[in-house]
Amino acid sequence: MVLALTVCGVVVALVVVGLFVFGLRRRLIQRSGGTFDCSLRWDVAEKPDTSGKGWSYGVARYNGDRVEWFRVFSYALRPRRTLERASIEVAGRRLPEGEEELALLSDAVILTCLHRGTRLELAMSEDALTGFLAWLEAAPPGQRVNVA
């Protein structure tokens with residue numbers, strides 16, 4: 001009986017520590033400011049896939065001329081993807097359809113982009129989308145920006 005209680009206590013303590021580390025990591029990512037919730041689907045086909053598969057929920061952070069994307073359910077302190085402003089080409093935007101509505105946040109808008117030849121989709125709120133497009137258009141003089 002004592003062994004079972006000890007094992008249960010250790011398991012509960014590990015779960016609490018794991019959740020605390022998730023929260024601490026997110027706090028460290030957001031510490032420098034300029035973050036927004038953003039789901040990402042990498043290397044997608046030209047025809048929109050509305051099955052809801054392939055989406056990863058994450059947090060994006062502006063860092064100079066880059067957007068760094070971090071998976072939410074990860075312990076890594078490094079970004080999973082980095083998008084350079086000069087390499088992002090916006091191909092279009094759309095609203096979630098079909099099962100995508102269940103896979104994404106309720107107010108999400110999907111932005112289709114090309115980044116160094118790779119087609120990707122970013123899903124974010126309307127406010128975050130406005131900020132993202134403004135950030136793209138605010139490129140320093142001499143840099144090309146492709147916003148559809």
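Going by the structure above, here's the rest.
Quick caveat: nothing in here was measured; it's all calculated off a predicted structure.

Engineer: Mind showing me how you'd approach the overall build of the chain here?
Structural biologist: For the chain, the count of helices and strands is three helices and seven strands. Going from N to C terminus, the chain has its helices and strands arranged as α-β-β-β-β-β-α-β-β-α. The C-alpha atoms of the chain give a radius of gyration of 18 Å, which is well past the 15 Å a tight globule of 148 residues would have. Projected onto its principal axes, the C-alpha positions of the chain cover 70 × 35 × 25 Å. With 148 residues in all, the chain has 34% of them scored as buried.

Engineer: For this particular structure, what's the right way to read the pattern of salt bridges?
Structural biologist: Counted by the stated rule, this structure contains nine salt bridges. Two residues, Arg61 and Glu68, come together in a salt bridge whose shortest N-O distance is 2.7 Å. When sorted by exposure, Arg61 lands in the same class as Glu68, which is buried. Here Arg93 makes a salt bridge to Glu126, at a shortest N to O gap of 3.8 Å. Of this pair, Arg93 sits in strand E5 (residues 88-94) while Glu126 sits in helix H3 (residues 126-137), and the two are 33 residues apart along the sequence. Residue Glu126 is classed as partly exposed on the basis of its relative accessible area, which comes to 42%.

Engineer: Would you take a moment to explain the side chain of Ser56 for this structure?
Structural biologist: With respect to the helices and strands, the residue Ser56 is situated in strand E2 (residues 56-63). Setting aside its immediate chain neighbours within four residues, Ser56 contacts Cys38, Ser39, Leu40, Trp69 and Arg71.

Engineer: I'm lost on the sheet that holds E5 in this one. Help?
Structural biologist: Sheets are built from strands paired through backbone hydrogen bonds, the pairs being either parallel or antiparallel. The seven strands are arranged E4-E3-E2-E1-E7-E6-E5 in an open sheet whose pairing can be described as antiparallel. What marks the edges here is a single partner per strand, and that holds for strand E4 (81-84) and E5. Each neighbouring strand pair of the sheet contributes to a mean axis angle of 35°, computed without reference to strand direction. With six bridges connecting them, strand E1 (residues 35-42) and E2 associate as antiparallel partners. What sits directly across from Ser39, in E2, is Tyr57. Contacts between helix H1 (residues 2-30) and the sheet are confined to E1, E2 and strand E3 (66-71), with E2 contributing the most and set at about 30° to the helix.

Engineer: Explain the nonpolar core here, please?
Structural biologist: When a protein is soluble and globular, its nonpolar side chains tend to lie buried together. Within the largest apolar cluster, 21 residues are counted, with the highest numbers of intra-cluster contacts made by Leu122, Met124 and Phe132. Elements with a contribution of two residues or more to this core: E1, E3, E5, strand E6 (108-115), strand E7 (118-125) and H3. Looking at this core, the element that brings in the most residues is H3, giving six residues. Excluding anything up to four places from it in sequence, Phe132 contacts Phe36, Tyr62, Val67, Ile88, Leu111, Leu122 and Met124. One finds Trp55, Leu104, Ala108 and Ala123 within the second-largest nonpolar core, a separate group that totals five residues.

Engineer: Looking at this structure, I do not really get the environment of Leu102. What am I missing?
Structural biologist: Position of Leu102 relative to the elements: it lies in helix H2 (residues 100-103). When its relative accessible area of 76% is taken as the criterion, Leu102 is described as exposed. For Leu102 and Gly52, which are 50 residues apart along the polypeptide, the C-alpha to C-alpha distance reads 7.4 Å.

Engineer: Looking at this structure, I do not really get H1. What am I missing?
Structural biologist: Given 3.6 residues per turn, any residue in an α-helix points the same way as the ones three and four places further on. Counted at 1.5 Å a residue, the expected span for H1 with its 29 residues is 42 Å, and the 42 Å between its end C-alpha atoms agrees. Inspection of H1 places Gly18, Arg25 and Ile29 among the buried residues, and these make up the whole buried set. Looking at the buried positions of H1, the neighbouring elements they touch are E1, E2 and E3.

How each quantity is defined
Residues numbered from 1 in each chain as written. Predicted model: local features only at pLDDT ≥ 70, side-chain atom pairs only at ≥ 80, totals over all residues. Heavy atoms only, no water. Helix = DSSP H or I, 4+ residues; strand = E, 2+ residues; numbered from the N terminus. Rg over C-alpha atoms; globule rule 2.2 N^0.38 Å. Buried < 20%, exposed > 50% of the residue type's maximum accessible area, 1.4 Å probe, protein only. Salt bridge = Lys/Arg side-chain N within 4 Å of Asp/Glu carboxyl O. Contact = heavy atoms within 4.5 Å. Pairing = 2+ DSSP bridges. Axes fitted to C-alpha atoms, helices over the stretch in contact; angles between N-to-C directions. Core = buried A, V, L, I, M, F, W, Y, C linked by side-chain atoms within 4.5 Å. Expected span 1.5 Å × (residues − 1).

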